[in-house]
Amino acid sequence: MSERENDGSLTALPGRHDPSDEGRGTAAARPGAGAPGAARPGVVYLVGAGPGDPGLFTQRGAELLATADVVLHDELVHPALLDGVREGAEVRSVGKRGGDRVVKDAKQAEIDAELVALGLAGRSVVRLKGGDPFLFGRGSEEAEALARAGVPFEVVPGVCSPLGATAYAGISLTHRNIASSVMIVSGVTRAGKGFDWSELASVRGTICVLMGMQALDTVVAGLTGPGRRDPATPAAAIQWGTRADQRVVTTRLDELPRRAREAGLQSPAVIVVGAVTRLRDALRWFDRKPLFGKRVLVTRPRHQARSTSRLIRLRGGEAVELATIEIHPPPDPARVTEAARGLSGYDAVVFTSENGVACFFREMERLGLDARAFGSARLAAIGVGTAAALAARGVRADIVPGEFRGEELAQALLADPALAERLAARAGRPGVRVLLPRALVAREVLPERLRAAGCEVDVVPVYETRPASTERREELLRALSAGAIDVVLLTSSSTVDSLCDLLGEGAAARLDGVLLASIGPITTATAEKRGLRIGVTAEVSTTAGLLDALDRYFAAQQAVPASAGE
């Protein structure tokens, strides 16, 4: 039993099926096809994915991703956005990188033709484009191709990189006392020739240059020459704006190429020229978050890791999702069926993980049962996460302990007035019946304490955890060797064991260079028995509590240099 609402069990990432495996079927038969606002057959949607942070994606874009037949996306789209694609949809990257204009133009022509063909074939298509489709995104060219072919299309704007990247860098493009206009230009034209910088000679506001990093010296020469910008004009370059790996250089315009090279800045980046860049020191907020830039390993499966990954991104970090355990069906499915059918005979049903809730309710749904099947049974959850999983299925947990451990859950159950009354009334007779749907392997403290108090406890495994594949091990070893992980979240004792087992001999040495963050004292104790050095232990044993502890840890680290210098 873990001290948290999740026992750390993980599944393999759910693969998306090839449409040919399922058949296309009618539009009404596809998931979400009948919902208002769903993607319609034969329509192509040009959707802006935003500048990088998936939290900036539009509600309309998410609605279409969840219902489209086909998604063709740019290479720079954040992978988390693709989690919103419906199962069974066809998903392909059609990104164009590199500086060869002929190759990129040929690739664009292929994309235009494919969008037309898919639309004419009656497929609903999302063309997911970085930033905004119409701002240097060639979305207008794709729309023109669709219009010529008579294919209906819609455009869903996105937060463009000049707005998103500058806001996250703490640079206001306009300011009542500094700049009253903004000019956005491309560093190169369609033909690959440089922009005519003389067009900017009379512009006095802020200038944003996109796609200019590969020829930054030429861009600066054009701005200080024909563009008539003072070489001392404040300027900035923002790489990977709005993401955890965002990097910003501010300096005077004529020094920008040298400073950008020294910092290793490359594409994709936005170049900002104007006095507004001086506001960064006062307005920067994103890269001051304690978790900013930290790569945090989340060892839960993708469908379970999404909420944790989102919390990490909200705190400025980047989640590295890599499951270390796979969930498999229980060894005796008939016992699960029997328990579900006999729910009305139990006085209490106790859930100790979100996985347990999901697996047990899946069997209930298969049998055509709903919340009414629990009858008068008291429902208990080990923590708020498990309680939320029950609530999502229309069931409210009657018992949730203050601390999310098996010991506290047993105490809370025995202290529950309704169960205590039943125990007292049945003295000398068969005691209170308790159903415990859980993992095949878990701590025994909960059932042991309940039995010692006179309860009859049926422990029914509803899933089994197994080690991840060899491929996962190699992927994890590569990430650790490359220094691509800064923090590892240990969310339960089983997470610790599975991670150590996956890494094999020398696991402690391989993890020595990263910060190990534990969700609570039981998990920390397990880790220390495996030879791991825990750097952070949460005071509140929830995912949010663990991330709060990390915030405090890194905030304290950031404060040390400032204090030393005072």
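Just so you know, these numbers come straight off a predicted model, no measurement behind them.

Undergrad: How should the environment of Gln239 be read in this particular structure?
TA: Residue placement: Gln239 occurs in strand β8 (residues 234-239). Take Gln239: its relative accessible area is 7%, and that puts it in the buried class. Separated by 27 residues in sequence, Gln239 and Gln266 place their C-alpha atoms 6.8 Å apart. Not counting chain neighbours up to four residues away, the residues in contact with Gln239 comprise Asp245, Gln246, Arg247, Gly264, Leu265, Gln266, Ser267, Pro268 and Ala269.

Undergrad: Just checking my understanding: could you explain the sheet that holds strand β10 (residues 269-273) for this structure?
TA: What links the strands of a sheet is backbone hydrogen bonding, and the strands pair in either a parallel or an antiparallel sense. Read across the sheet, 5 strands follow the order β6-β7-β10-β8-β9 without closing on themselves; strand pairing throughout is mixed. A single partner strand is all that each edge strand has here, and the edge strands are β6 (182-186) and β9 (247-252). For this sheet the average axis-to-axis angle between neighbouring strands, irrespective of direction, equals 15 degrees. For β6 and strand β7 (residues 206-210), the ladder comprises 5 bridges, and the chain directions are parallel. Note that in β7 the partner of Val185 across the bridge is Val209. The sheet contacts of helix α7 (residues 256-263) involve β8, β9 and β10, and relative to β9 the element is tilted by about 150 degrees.

Undergrad: How do you make sense of a nonpolar patch on the surface when you look at a structure like this?
TA: On the surface, Phe134, Phe153 and Val155 cluster together into a nonpolar patch covering about 240 Å² of accessible area. Overall, the relative accessible area of 32% leaves Phe153 in the partly exposed class.

Undergrad: Looking at this model, I keep getting lost on α7. Mind explaining?
TA: Residue pairs spaced three or four apart in an α-helix point in one direction, given the helix's 3.6 residues per turn. Of all the residues in α7, the buried ones are Leu256, Pro257 and Ala260. An end-on view of α7 places all buried positions within 95 degrees of arc, on one side of the element. Contact partners of the buried residues in α7: α6 (216-224), β8, β9 and β10. Once α7 ends, the next one or two residues include Gly264, with phi positive near 75 degrees.

Undergrad: Is there a simple way to explain the environment of Gly84 in this structure?
TA: Tracing the sequence through the fold places Gly84 in the loop between β2 (70-73) and β3 (90-93). Gly84 sits 38 residues away from Gly122 along the chain, and the two C-alpha atoms are 22 Å apart. Excluding its chain neighbours within four sequence positions, the residues that come into contact with Gly84 are Leu65 and Ala66.

Undergrad: Is there a simple way to explain the pairing of strand β11 (residues 295-298) in this structure?
TA: In this sheet, strand β12 (residues 318-321) lies alongside β11 in parallel orientation, the contact comprising 4 bridges. For Leu297, the partnering residue across the bridge sits in β12 and is Val320. Bridge count between β11 and strand β18 (residues 487-490): 2 bridges; the pairing is parallel. Its bridge partner being in β18, Val296 is matched across the sheet by Val487.

Undergrad: What is the right way to look at the pairing of β8 in this model?
TA: Remember that side chains alternate between the two faces of the sheet whenever the strand is regular. The buried fraction of β8 is high, at 6 of 6 residues. Across the two faces of β8 the burial is the same, with Pro234, Ala236 and Ile238 and Ala235, Ala237 and Gln239 all buried. With 6 bridges connecting them, β8 and β9 associate as antiparallel partners. Along β9, the bridge assignment pairs Ile238 with Val248. For β8 and β10, the ladder comprises 5 bridges, and the chain directions are antiparallel.

Undergrad: How should the nonpolar core be read in this particular structure?
TA: As a rule of thumb, nonpolar side chains are buried together in soluble globular proteins. Formed by 28 residues in total, the largest nonpolar core has its most connected members in Phe360 and Phe374. For this core, the secondary-structure elements that each account for two or more residues are α10 (333-341), β14 (348-351), α11 (354-366), β15 (378-381), α12 (384-391), β16 (433-439) and β17 (456-467). Among the elements that line this core, the one with the most residues is α11, at 5 residues. Phe360 has contacts with Val336, Ala339, Ala340, Leu343, Phe351, Leu435, Pro437 and Val462, leaving out every residue within four places of it along the chain.

Undergrad: What exactly am I supposed to notice about the packing of aromatic side chains here?
TA: Aromatic ring pairs are reported here in terms of the distance separating the ring centres and the angle at which the planes meet. In the structure shown here, the tally under the stated rule is 9 aromatic pairs. On the numbers, 5.1 Å between centres and 70 degrees between planes, the contact of Phe195 with Trp197 is edge-to-face. Residue classification places Trp197 among the buried residues on the basis of a relative accessible area of 6%. An aromatic cluster of at least three residues, connected via ring pairs, comprises Tyr168, Trp285, Phe286 and Phe292. One cation-aromatic arrangement involves Lys294 over Phe554; the distance from NZ or CZ to the ring centre is 4.6 Å. Across from the ring centre of Phe361, 5.9 Å away, lies the NZ or CZ of Arg393, which sits over that ring.

Criteria and thresholds
Residues numbered from 1 in each chain as written. Predicted model: local features only at pLDDT ≥ 70, side-chain atom pairs only at ≥ 80, totals over all residues. Heavy atoms only, no water. Helix = DSSP H or I, 4+ residues; strand = E, 2+ residues; numbered from the N terminus. Buried < 20%, exposed > 50% of the residue type's maximum accessible area, 1.4 Å probe, protein only. Contact = heavy atoms within 4.5 Å. Pairing = 2+ DSSP bridges. Axes fitted to C-alpha atoms, helices over the stretch in contact; angles between N-to-C directions. Patch = residues over 30% accessible without salt bridge, like charges linked within 9 Å, V, L, I, M, F, W, Y side chains within 5 Å. Areas by Shrake-Rupley, 256 points an atom, 1.4 Å probe, with all protein chains shown as cover. Salt bridge = Lys/Arg side-chain N within 4 Å of Asp/Glu carboxyl O. Arc of directions from axis to C-beta. Core = buried A, V, L, I, M, F, W, Y, C linked by side-chain atoms within 4.5 Å. Phe/Tyr/Trp six-rings, centres within 6.5 Å; stacked < 30°, edge-to-face > 60°. Lys NZ or Arg CZ within 6 Å of the ring centre and 35° of its normal.

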